[in-house]
Amino acid sequence: MSAIDTAGVDTATRPPDATAGTFTASGRRRDPLWRAVALLDVDRRRFALSALLGTLALGCAVALAAVSAWLITRAAQMPPVLTLSVATVGVRAFGIGRGLFRYLDRLVSHDVALRGMTTLRTTLYQRLATGRPEATLAVRRGDLLARVGADVDAVGDVVVRGLLPATVALALGVGTVAAIAAFLPVAGAILALCLVLAGVVAPWLAQRAARATEQRAADARARMASAALGLLDDAGPLAVQGRTDTELDRLRAADADLARATDTGAGPSALAAGLGNLAIGIAVLGALLTGIPALAAGQIAAVELAVIVLTPLAAFEATSVLPMAAIQVHRSRTAAARLMALLDAADDGSGTATTGPDTTEHRQDDSTDPRPDPARTGDRAMPRSADQVGLPARGPVITARGLAVGWPDRDPILSGLDLELSPGRSLAVVGPSGIGKTTLLLTLAGFLPPRGGDLLLDGVPLADTDPSARLERLSLTTEDAHVFETTVLENLRVARGSTSAQEARDALVTAGLGDWLAGLPDGVDTALGADARSVSGGERRRLLLARALLSPAPLLLIDEPAEHLDPGTADRLVGDLLDRSDRARGVLVVTHRLAPLAAADEVLLLDGGRVAARGTHEQLLAGNAQYREAHAAELIQS
Amino acid sequence: MKPLDPRLLRHARAARGYLALTVGLGLLTAALVIAQAILLAQVLAAAAHDGAPLSELLPRIGWLALVIAVRAVATGVQERYAHRSATRAVAELREQVVERAARLGPRWLAEGAGPRVVTLATRGLDALDAYFVKYLPQLVLSATVTPATLVVILGLDWISAAIAAGTLPLIPIFMILIGQLTQGRSERGLTVMQRLGSQVLDLVAGIATLRAFGRERGPVTRVRALGDAHRKATMGTLRIAFLSGMVLELLTTLSVALVAVSIGLRLVYGHMTLVDGLAVLILAPEVYWPLRQVGAQFHASTDGVAAAEQVFEVLETPLPVSGTRRCPDLSTSTLRLTDVTVRAPGRDQLAPAHLDLELPPGGTVAVTGPSGAGKSTGIELLLGLLRPDSGSVEVVAADGTAVPLADIDPHTYWPQIAWLPQRPVLEPATIGSLVAGGPASASGPGLPRRDEAAALTGLDTVVAGLPDGWDTDLGRGGAGLSVGQRQRVALTRALLSDAPLVVLDEPTAHLDAAGEQVVLDTVRRLRADGRTVLLVAHRPSLIALADRVVTVRAETVPAGSEPAEPDAGRGAPDPVAPARSPEGGTR
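Note that this is a predicted model, so its numbers are computed, not measured.

## Concerning helix α11 (residues 274-315) of chain B
Look at α11(B): 58 Å from first C-alpha to last across 42 residues, which is about the 62 Å you get at 1.5 Å a residue. In the structure, α11(B) departs most strongly from a straight axis at B:F298, where the bend amounts to approximately 50 degrees.

Here it is, written out as structure tokens:
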């Protein structure tokens, strides 16, 4: 089981409301933990088996206590040895049974939880992959991974560490109370009360303590983390600026606040621990105070007194884990709330996109090697290449008229935009950083809804087109596109599953990665590390470009293909892209370099939330001072 | 791994008091456990065997109640201070490790153990909480309650004591045996689990990309298959990991059962009194209880102990000895790098290799070279944040005396430098006090100068667009401003500072053409003011401003000269390539 708690540090999301507070009306009323647990789709029979095994394990402990108490007090009455034989066998059997049942219980319960986590993770992937695109786009990558990783683990943990211990404690408590009450009802009642004290009140206090600490510590923890990160990330600049000591003081202050916040929770937590302990003692005292008069009154036998006094000592083992279980439930609920918010954001109003569970028709035969192989497994959804489909000569057209773009629930950042992209046409979009170029691309590709105006694909509003048909016509490469932890070739096959090794090599050379490819130990079959950490920034961009070039879609939308490259390479690359000799494609490139834009049919200069100027490179040079100055600045040579 | 590392007590003062308290409470608990068992046995035996009435037993029941109450209080106190000390000890270790790591410098942080420190400081150390709250008290109890109860049992009934003493050593022996048998398997299992887990996350991280190509549905089956494979691998590991728990429980419960049976058989023949029998029966589980808890909490505590060990490793890394000599005035001194070479971490590369650089007072020097050649490393050398593997870095005073930078007290050197790293680092303050270098000088005669500088860097338009103008509080890291805007703040500050040396690392990297113009104007102004300027630059426009251009080159370490990992050089640029590749042809 994973005990990683990665959720604590960075939970901020880009649009503030993307992962929180967007419950649907029906979801708001339901506890997110139960919704998440329902998605685990826990096998009831396995859960019952696990609960049974757990109860048997602890039942053995209780029985061991009861039977040995009986054995010893009975033995002191010096009966014939044979009358004790059943008890002596029973004591040994219970001694062995406990460990054995506990082992089986742990195996079954973990299996149940892991199955549930796989189901939840699959459901989550499926609904994120097919739901509203902006739900995942709005979440930072680290947060998304924390949801699918640690948060799913936390929801699974509630089965093993929360629900099962509670079920076992309930079954065992009822059983023990019933057994004691059979001897002496009032002793049973006292035991029941004490079990409630240890198994309900103490866990409630512990959970309250954990919550109080968490709430008060959250702010201090965030400040602590940011001070520590700042000190470590910017160690050099801080030293040179002479600010290392100031920042260390800031860290100390945050840590002191954190300690104070912990203290607020320590009180209830100490009370919970003391109460749990006290409950055992009260149960024993209660049994003595009621049992001794009952013995004197002849209501119970002498051996039974020993049993009702000594059995409770073992019965509390089941409740001793419940305070931790209560804290686990709280943690899991917090994780579940984040998960459900993400799912709700993905599901909201998704009409066309959701699908049922994917059938296993194209399950891989290489189940022994479960490497992620996004390209291969995606064959069914793969768009046919352009020539196969036999597109009309003119090909698809994206038309925007008076288009406004922006993130949902925020003001549009760009409006009044007109453009037309069809095969054979090349457009360049330039403008200062933060103007909304990437948002525009996401909207044109249908991943964000238009915020105004018309956006048509072949005359049909883009939002009404079938997503798969849409993606046969256009493909988007964002600057943060993912490089998978697999081979170079498989990474390129994400764009087109049928890509051959030779086509891959050609695309890499076209993207300016010929030298890089030559240096790879296994050529296109070289595996790339996690998130392509072994690839430099510029190489990564060009790899993404090669992938875009392999896409069968006739319209390409490409974000900043040339960043992290020196000016010469960057200009050559963007120029080639805009001036493809075959002209079978339409290309829209977002870039910050102006020099290569002579190759574009039209350049759109964005500024101040609108198109500030448009025309060919030459027209803009002649007619727009801003463009001319920027271009001149770029051209100053040594 | 040691159960209690003396270094923990040495480095975390909060841990010392806590350990003393825990030991004290552990001794008290041992006494209470024994008192409770004997009182209970006496009362029970008197009532069950001798038929004593309640009234006669009440005094002892009263004592029993007192013992129970004190035990509850002791448990509460333990818990109360466990959390408190854990938080404080973690804070102490965190502060020390962050401070040490920060002083070890950016290069150390970027390689080897460095990147781990971030996780360690923000999250890893929190695992020590379980160690302090759950593991350590049980460890102490197993050193107090276990022997004390064993001694009492010995006094009451030596046969039961022998059974307990005979089984106790079996516990560690079996644990170690199983541990050794399973270690290899579970480590392999763990690797497989982590790999499968990271592959699912890789697919999730790529959802947007898969969607962009319409390939998002296929991986659903892959996610499920990976999940199933992950479960099978995990269960394989757990089946073995839980074995040690089973052996522990089996041994402890079985020996309690054996003790009970043996007492029973001796009672039948009158070889023992009921009081002693009951007392031993109640005490027997207490012998094992702390040990079982130590076993149960062992795994929860290992993460914390491992984190603490990593912290000690960092704390024991020696700091480079910093110099003590006063730095000469940089406005009249020359900085000189002679034949400086640094071996790049983890690569068979010297970056920079044999770099010569002279920065005369008032001069403007541009450093260029392909990425990975060691330009930023060169800056770190010059700033004294890194010592070269070979070659010398010196400050040559106006009178010609050359002082090695390593001998100079950095606190007399750094205040003379304004450094703009690639990502500007701004302290939380208002823009006005940021650019002026402090609130005192944010008004008065400095204002016209400030406005002039802001007009040059374009900060004036940024400030004009902010509701609070110059009084806008940027908070940590310049929240609310874009990278470009923060860069303008940093440029303005550099212009207004009196530091004779200004170092700009790729100042145009994140800027469009208009932003680039601002940088060019600023550098021209710095030159005109007679400041010494060092630029790391890609763009020709910026390079054109320099008096001289120094090209940094990397070199591959000659094969066979040092042991090298077979694939360590993969992906590293060929040092000759820049000269003949097309991108080298721009100049």
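## So, the domain arrangement of chain B
As a measure of interface size, the accessible area lost when the parts come together is often cited. By the assigned domains, chain B splits into domain 1 (6-315) and domain 2 (334-556). Relative placement of domain 1 of chain B and domain 2 of chain B: their C-alpha centres are 54 Å apart.

## Some words on the sheet that holds strand β6 (residues 474-477) of chain A
All names here are of chain A. Read from one edge of the open sheet, six strands run β6-β7-β8-β3-β9-β10, paired in mixed fashion. The open sheet has two edge strands with one neighbour each: β6 and β10 (610-615). When strand polarity is set aside, the average angle formed by the axes of neighbouring strands in this sheet is 15 degrees. Pairing of strand β7 (residues 555-559) with strand β8 (residues 586-590), which is carried by five bridges, proceeds in the parallel orientation. Note that in β8 the partner of D559 across the bridge is V590. Seen against the sheet, helix α15 (residues 437-444) touches β3 (426-430), β6, β7, β8 and β9 (602-607) and runs at an angle of roughly 155 degrees to β7. Against the sheet, helix α20 (residues 537-550) makes contact with β6 and β7, and its axis sits at roughly 175 degrees relative to β6, the strand it touches most.

## Structural notes on the interface of chain A and chain B
Counting from both sides, the interface comprises 146 residues of chain A and, opposite them, 132 residues of chain B. Looking at the side of chain A that touches chain B element by element, the count peaks at 27 residues for helix α9 (residues 244-296) of chain A. Classifying every residue of the side of chain A that touches chain B by side-chain character gives 77 nonpolar, 46 polar and 23 charged.

## Some points on the sheet that holds strand β10 (residues 548-551) of chain B
All names here are of chain B. Taking strand neighbours across the sheet as the criterion, the five strands line up as β7-β8-β9-β4-β10 in an open arrangement whose pairing is parallel. Edge strands, defined here as strands with exactly one partner in the open sheet, are β7 (417-420) and β10. Taking each pair of neighbouring strands and ignoring which way they run, the sheet shows an average axis angle of 15 degrees. Direction of pairing for strand β8 (residues 501-505) relative to strand β9 (residues 532-536): parallel, over a ladder of five bridges. Along β9, the bridge assignment pairs L504 with L535. Its contacts with the sheet put helix α12 (residues 375-382) on β4 (364-368), β8 and β9, and the angle it makes with β9 is roughly 150 degrees.

What counts, and where the lines are drawn
- Residues numbered from 1 in each chain as written.
- Chains lettered and ligands numbered in written order.
- Predicted model: local features only at pLDDT ≥ 70, side-chain atom pairs only at ≥ 80, totals over all residues.
- Helix = DSSP H or I, 4+ residues; strand = E, 2+ residues; numbered from the N terminus.
- Expected span 1.5 Å × (residues − 1).
- Bend = angle between axes of the 7 residues up to and from the residue.
- Domains from an automatic or database assignment.
- Pairing = 2+ DSSP bridges.
- Axes fitted to C-alpha atoms, helices over the stretch in contact; angles between N-to-C directions.
- Contact = placed C-beta atoms within 7 Å.
- Nonpolar A, V, L, I, M, F, W, Y, C, P; charged D, E, K, R; others polar.

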